[in-house]
Amino acid sequence: VLFRSLPLIDLYGIRSALGRKFLERNIRFALPPDGHVNRALSGTFASILLERSQSPALFAFHHNGLTLSAGLFERKGDDVLVHAPRLLNGAQTVSTFADFFERNGPALRAAASEQLIDKVVVLTRIITQAKADMITQITISNNRQNPVQSWQLHANDQIQFELEDWFRALGIPYQR
């Protein structure tokens, strides 16, 4: 297990590069963007990056953090190279930030917020070589604020991933 503070902009970059694959292990990645938590996060991003009424350094102290599983991570000096990352907890944060960033790009540039964006960080736990039962326990533990229903866990069974890939290759929509 590795603990790092990661800029949300870097997690946004991973999400942009990997798309749905990055979020598919997170049982809450498809929650509607207009929910209470997402609206509060978006308001926080606006107060930090547009209004500049909050310090970006405080974001990490008001956030529970994210959890990633990874096939492998390598240390390269002060940097860490993460292979095959999957977000186990924190999809609302990453997705809301992505939506905010994409919606407010011109305003962020006009407000010269580029330097602030790198300072909006979140504590991230990176777990490697985790077995399926460990991933399930981590998922349950990291989502105690909103109880996890058993049907939500079944959507992340390996067989569901394989069915989704198989149907996608055939051009047939399949939703876990």
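As the structure is a computational prediction, the values presented were derived from the model and not from experiment.

A.B. asks: Just to check I follow, could you spell out helix α4 (residues 91-103) for this structure?
C.D. replies: An α-helix turns once every 3.6 residues. As a result, residues three or four positions apart point the same way. An ideal rise of 1.5 Å per residue puts 18 Å on 13 residues; α4 measures up with 18 Å between its terminal C-alpha atoms. Residues of α4 that are buried: Ala91, Gln92, Thr93, Val94, Ser95, Thr96, Phe97, Ala98 and Phe100.

A.B. asks: Mind showing me how you'd approach the nonpolar core here?
C.D. replies: Nonpolar side chains tend toward joint burial in soluble globular proteins. Within the largest apolar cluster, 29 residues are counted, with the highest numbers of intra-cluster contacts made by Leu8, Leu11, Phe45, Leu49, Phe59, Leu87 and Phe97. Breaking this core down by element, the ones donating at least two residues are β1 (2-7), α1 (8-18), α2 (20-23), α3 (36-49), β2 (66-70), α4, α6 (114-117) and β6 (121-128).

A.B. asks: I keep staring at the pattern of salt bridges and nothing clicks. Help me out?
C.D. replies: Using the criterion set out here, one finds 5 salt bridges in the structure. Salt bridges here are not isolated pairs; linked through shared partners, they connect Arg20, Glu164, Asp165 and Arg168.

A.B. asks: For this particular structure, what's the right way to read the confidence of the model for the protein?
C.D. replies: Caution is warranted with low-pLDDT regions, since their predicted coordinates should not be read in detail. The pLDDT averaged across the protein works out to 82; a share of 84% of its residues lies at or above 70. Looking at the elements of the protein, mean pLDDT is at its lowest for helix α8 (residues 150-154), recorded as 56, and at its highest for α1, recorded as 93.

A.B. asks: In this structure, what is going on with the packing of α1 against α4? I would like to understand it.
C.D. replies: For any two helices packed against each other, the geometry is given by the interaxial angle and the distance between the axes. Running from N to C, α1 and α4 cross one another at 90°; their axes reach a closest spacing of 9 Å. Our classification of the angle between α1 and α4 gives roughly perpendicular. For the pair α1 and α4, contact is made by Leu8, Ile9, Leu11, Tyr12 and Arg15 and by Thr93, Val94, Ser95, Phe97, Ala98, Phe101 and Glu102, respectively. Of the residues belonging to the contact of α1 with α4, the class tally is 8 nonpolar, 2 polar and 2 charged.

A.B. asks: Would you explain the packing of aromatic side chains in this entry?
C.D. replies: The relation between two aromatic rings is expressed through the spacing of the ring centres and the mutual angle of the planes. In this structure the tally under the stated criterion is 7 aromatic pairs. The interplanar angle of 40° and the centroid separation of 5.5 Å between the aromatic rings of Phe45 and Phe59 together place this pair among those described as tilted. Residue Phe45 is found in helix α3, and its partner Phe59 is found in the loop between α3 and β2; the two are separated by 14 residues along the sequence. On the basis of relative accessible area, Phe59 is assigned to the buried category, the value being 5%. Every member of this aromatic cluster is reached through a ring pair, and the members are Tyr12, Phe45, Phe59, Phe97, Phe100 and Phe101.

A.B. asks: Hey, could you run me through the side chain of Arg86 in this one?
C.D. replies: Tracing the backbone through its elements, the reader meets Arg86 in strand β5 (residues 86-89). Under the relative-accessibility criterion, Arg86 is labelled buried at 17%. Among the polar contacts listed, one links the side chain of Arg86 to the backbone oxygen of Lys21, at a separation of 3.1 Å.

A.B. asks: Which parts of the structure should I look at to understand the sheet that holds β1?
C.D. replies: Sheets are built from strands paired through backbone hydrogen bonds, the pairs being either parallel or antiparallel. Spatially, the 4 strands line up as an open sheet ordered β1-β6-β2-β5, and their pairing is mixed. Both edges of this open sheet fall to β1 and β5, since each of them pairs with a single strand only. Taken pair by pair, the neighbouring strands of this sheet meet at an average axis angle of 35°, ignoring direction. As defined by bridge partners, β1 adjoins β6 across 6 bridges and the pair is classed as antiparallel. Note on β6: the bridge partner recorded for Arg4 is Thr124. α1 rests against β1, β2, β5 and β6 of the sheet, and its axis sits at about 90° to β1.

Basis of the calculations
Residues numbered from 1 in each chain as written. Predicted model: local features only at pLDDT ≥ 70, side-chain atom pairs only at ≥ 80, totals over all residues. Heavy atoms only, no water. Helix = DSSP H or I, 4+ residues; strand = E, 2+ residues; numbered from the N terminus. Expected span 1.5 Å × (residues − 1). Buried < 20%, exposed > 50% of the residue type's maximum accessible area, 1.4 Å probe, protein only. Core = buried A, V, L, I, M, F, W, Y, C linked by side-chain atoms within 4.5 Å. Salt bridge = Lys/Arg side-chain N within 4 Å of Asp/Glu carboxyl O. pLDDT = per-residue confidence, 0-100. Axes fitted to C-alpha atoms, helices over the stretch in contact; angles between N-to-C directions. Parallel < 35°, antiparallel > 145°, perpendicular 65-115°, else oblique. Contact = heavy atoms within 4.5 Å. Nonpolar A, V, L, I, M, F, W, Y, C, P; charged D, E, K, R; others polar. Phe/Tyr/Trp six-rings, centres within 6.5 Å; stacked < 30°, edge-to-face > 60°. Polar contact = N/O pair within 3.5 Å; in protein donor to acceptor, adjacent residues only side chain to side chain. Pairing = 2+ DSSP bridges.

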